[in-house]
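Here is what each chain is made of, one letter per residue.
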2 protein chains.
Amino acid sequence: MSANIEIEEGLSFVPKFDANGLITAISQDAETGIVLMVAYMNGEALNLTLQTGNAVFFSRSRKKLWKKGEESGHVQKVQQILVDCDQDCLILKVSVDQGQCHVGYQSCFYRAVKTETKDSLQFIAEKVYDPKEAYGK
Amino acid sequence: MSANIEIEEGLSFVPKFDANGLITAISQDAETGIVLMVAYMNGEALNLTLQTGNAVFFSRSRKKLWKKGEESGHVQKVQQILVDCDQDCLILKVSVDQGQCHVGYQSCFYRAVKTETKDSLQFIAEKVYDPKEAYGK
């Protein structure tokens, strides 16, 4: 198989990290299909996720490993990891028991673009926890 | 509101493009919740998507606008656009009538990491169209 076909149609897991050593990782609720958040992993974060079964990301703002839930307790238990055709993006199918967005919502995607105006948003969800309590511990 | 709170809790749609002028866009089947693909948009692609109602991306490899389906005919009709807390990622809720991955699958995420070995993949889907026919036109 050519390199491209091997990546797209092969059975080897060869995740493609970008110039910063990161790969995009989408957390999707395994039960409901709701996309919870999008974050990034470096090789170490991916290895820790595979080894521990809990989602570990790399925080681009804090420039360090980010064990999801280390502060809030809102961990993501990884049921399955999917990879896309060119192996530069992952989906983590996760089970969660609490809200996953630091703003207080179940998902980070709690607003939709208003179709009428195209430059304003509308809320499509309600907060499921109080971030002050979760992060104030 | 502080700038951060305005971005996270406000009603203005202020998409945050990265250093390359791109924002991550996830296409998710509006009906089934299946994540179909992950791509990128520049400002023009996003405006065209908003104006036309069909998904338009920016191809990083070809370095040009990519009207999804322009070759294959497999367009994505955008029902709703969601934005995440820090407004650096979009979800397009789309309706589709054909497979969306250029390899021939409904979704680009047609393989899962095998939990036993962690370095190999297993197929979790079957092809839904013949890419040679779709792209050979």
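The notes below deal with the structure included here.

Thresholds applied
Residues numbered from 1 in each chain as written. Chains lettered and ligands numbered in written order. Predicted model: local features only at pLDDT ≥ 70, side-chain atom pairs only at ≥ 80, totals over all residues. Heavy atoms only, no water. Contact = heavy atoms within 4.5 Å. Salt bridge = Lys/Arg side-chain N within 4 Å of Asp/Glu carboxyl O. Polar contact = N/O pair within 3.5 Å; in protein donor to acceptor, adjacent residues only side chain to side chain. Helix = DSSP H or I, 4+ residues; strand = E, 2+ residues; numbered from the N terminus. Nonpolar A, V, L, I, M, F, W, Y, C, P; charged D, E, K, R; others polar. Pairing = 2+ DSSP bridges. Axes fitted to C-alpha atoms, helices over the stretch in contact; angles between N-to-C directions.

1. Details of the interface of chain A and chain B
- Each side of the interface is counted separately: chain A has 47 residues, and chain B has 46 residues.
- Across the pair K127 of chain A and E9 of chain B runs a salt bridge, and its minimum N-O distance is 3.3 Å.
- At the boundary of chain A with chain B, the tally comes to 30 residue pairs in polar contact (both at pLDDT 80 or more).
- Broken down by secondary-structure element, the contributors of at least two residues to the side of chain A that touches chain B are α1 (3–9), β1 (23–29), β2 (35–41), α2 (43–52), β5 (77–83), β6 (89–95), β7 (111–113) and β8 (121–123) of chain A.
- For the side of chain A that touches chain B, a count of residues per class yields 26 nonpolar, 11 polar and 10 charged.
- With 2 bridges joining them, β7 of chain A and strand β5 (residues 77–83) of chain B adopt antiparallel strand pairing. Each bridged residue has a counterpart across the sheet, and for A112 of chain A the counterpart in β5 of chain B is L82 of chain B.

2. Re the sheet that holds β6 of chain A
- With mixed pairing, 6 strands are arranged side by side in an open sheet as β2(A)-β1(A)-β6(A)-β5(A)-β7(B)-β8(B). Edge strands, defined here as strands with exactly one partner in the open sheet, are β2 of chain A together with β8 (121–123) of chain B. Put simply, the sheet's adjacent strands are angled 30° from each other on average, direction ignored.
- Sheet analysis places β1 of chain A next to β2 of chain A, joined by 6 bridges and oriented antiparallel. Bridge pairing in β2 of chain A places A25 of chain A opposite A39 of chain A.
- Against the sheet, α2 of chain A touches β2, β5 and β6 of chain A together with β7 (111–113) of chain B, its axis set at about 125° to β2 of chain A.

3. What about the side chain of T49 of chain B?
Residue and element names in this part refer to chain B.
- Mapped onto the fold, T49 is located in helix α2 (residues 43–52).
- A polar atom in the side chain of T49 sits 2.9 Å from the backbone nitrogen of V56.
- Excluding residues within four positions of it along the chain, T49 makes contact with M41, N54, A55, V56, V78 and I81.

4. Looking at the sheet that holds β7 of chain A
- The strand order across the open sheet formed by 6 strands is β8(A)-β7(A)-β5(B)-β6(B)-β1(B)-β2(B), and the pairing between neighbours is mixed. Edge positions in the sheet fall to β8 of chain A together with β2 (35–41) of chain B, since each has one partner strand and no second. Across this sheet, the average inter-strand angle for adjacent strands is 30°, counted without regard to direction.
- Bridge count for β7 of chain A against β8 of chain A is 3 bridges, and the pairing is antiparallel. Among the inter-strand pairings, V113 of chain A is bridged to a residue of β8 of chain A, identified as L121 of chain A.
- Docked against the sheet, α2 of chain B engages β7 of chain A together with β2, β5 and β6 (89–95) of chain B, running at close to 125° with respect to β2 of chain B.

The analysis is restricted to geometry; functional conclusions fall outside its scope.
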